Amino acid sequence: MQAVFGAGNDLLAGLAGVQRVTQITGDAEKLQAIAAQRSEEAAASEAQAQAAWDAVDAVPVDALEAAVAEAESAVTAARAALSSVQSKVASTSIALIDSLPRDAGQLSQQGWASPVTGRKSDGYGPRPNKPLAGVNEFHRGTDIAASCGSPLFAATGGTVLEARPNGSYGNWVLIDHGAGVSTGYAHLAVGGVLVSAGQIVSPGQLIGTVGSTGASTGCHLHFEVRLGGVAIDAEPFMAARGIRLG
Ligand SMILES: [Zn+2]
């Protein structure tokens, strides 16, 4: 870069130019210190100002530009790598989803399905020893331990009310079944929510995959049944509909 700097006011304008260069290089502190020093020298005399400009001209602007170009190409390379990883994750997710059963198979006579195949690890009710900070002292659901990525099924038909991250619940799906009954599914895998709000689902339809998002120490489904929006014990409710949880 050719520096075209004169004395006096031109000097100050030139300094602003130097500051712009230093802003983009991230080496602002060092070069602003040089600029401040040069400014004092300029006030002393024109001769000193000229000498100062010789020094400013000696600041390796070309080297700094090269450093910026290098940083830019590093960013470009990192973006390309990220995009490649993202497309690999996307194709893995598609392969995973393709491998999952589309529905729970056998429905109960009442038309209900088991939300997941696994082992019950915690039941509904007060929880004197909180397993994790941030979880409720009253456990509003039934926990069913299952392998990460296991398929999750709608307990029965309905309309998806919520399908989104939800605080300590992690990735969360809530389905309205009518008559004031809804079921909730928490801690779904990252990228494991396979339905969206407003979607109609049939009994036992694949809605997502087991994960450990939110306040969770391992892959499991936290399953809730709500009546009028209030969580009730899901086990007897489901048992009355021909489904044993866990
Ligand atoms: Zn739970």
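Before any of the text, the structure's been laid out above.
The structure contained in this document is the topic of the report that follows. As the structure is a computational prediction, the values presented were derived from the model and not from experiment. (Residues numbered from 1 in each chain as written. Predicted model: local features only at pLDDT ≥ 70, side-chain atom pairs only at ≥ 80, totals over all residues. Heavy atoms only, no water.)

## Here we look at the coordination of the zinc ion
Part 1 of the argument: Within the first shell, the zinc ion binds the protein through His139 (NE2), Asp143 (OD) and His222 (ND1), at distances of 2.0 to 2.1 Å.
Part 2 of the argument: In the primary structure, the donors to the zinc ion are separated according to the pattern H-x3-D-x78-H. In this pair, histidine 139 is assigned in strand 3 (residues 138-139) and histidine 222 in strand 11 (residues 220-227), connecting sequence segments 83 residues apart.
Part 3 of the argument: Look at histidine 222 and you get buried, because its relative accessible area is 6%. (Donors = N, O, S within 2.8 Å, 3.2 Å for Na, K, Ca; no water. Helix = DSSP H or I, 4+ residues; strand = E, 2+ residues; numbered from the N terminus. Buried < 20%, exposed > 50% of the residue type's maximum accessible area, 1.4 Å probe, protein only.)

## A word on the pairing of strand 6 (residues 158-165)
Each regular strand displays side chains that alternate between the two surfaces of the sheet.
Part 1 of the argument: Strand direction decides the pairing type here: strand 6 and strand 9 (residues 200-201), joined by two bridges, are antiparallel. Bridging from a neighbouring strand, threonine 159 pairs with isoleucine 200 of strand 9.
Part 2 of the argument: One ladder, built from six bridges, connects strand 6 with strand 7 (residues 171-178); its direction is antiparallel. Across the sheet, residue valine 160 finds its bridge partner in strand 7, namely isoleucine 175.
Part 3 of the argument: The hairpin turn running from strand 6 into strand 7, its antiparallel successor, is five residues long, and glycine 167 in that turn takes a positive phi close to 55°. (Pairing = 2+ DSSP bridges.)

## Overview of the pattern of salt bridges
Part 1 of the argument: Considering all chains together, one arrives at five salt bridges under this definition.
Part 2 of the argument: Measuring nitrogen to oxygen at the nearest pair gives 3.6 Å for the salt bridge that ties aspartate 122 to arginine 127.
Part 3 of the argument: Two residues, glutamate 224 and arginine 226, come together in a salt bridge whose shortest N-O distance is 2.9 Å.
Part 4 of the argument: Accessibility expressed as a relative area gives 17% for arginine 226, which makes it buried. (Salt bridge = Lys/Arg side-chain N within 4 Å of Asp/Glu carboxyl O.)

## Digging into the packing of aromatic side chains
Part 1 of the argument: For the structure on display, the rule yields four aromatic pairs.
Part 2 of the argument: When the ring of tyrosine 124 is compared with that of phenylalanine 138, the centres are 5.2 Å apart and the planes differ by 85°; the resulting orientation is edge-to-face. Of the two residues, tyrosine 124 sits in the loop between strand 1 (119-122) and strand 2 (125-126) while phenylalanine 138 sits in strand 3, which places them 14 residues apart along the sequence.
Part 3 of the argument: Relative accessible area serves as the criterion here: at 28%, tyrosine 124 is assigned to the partly exposed category.
Part 4 of the argument: Looking at arginine 241, its charged tip hangs above the ring of tryptophan 112, at a distance of 5.7 Å from the centre.
Part 5 of the argument: The ring of phenylalanine 237 has arginine 241 lying over it, and the distance from NZ or CZ to the ring centre is 3.7 Å. (Phe/Tyr/Trp six-rings, centres within 6.5 Å; stacked < 30°, edge-to-face > 60°. Lys NZ or Arg CZ within 6 Å of the ring centre and 35° of its normal.)

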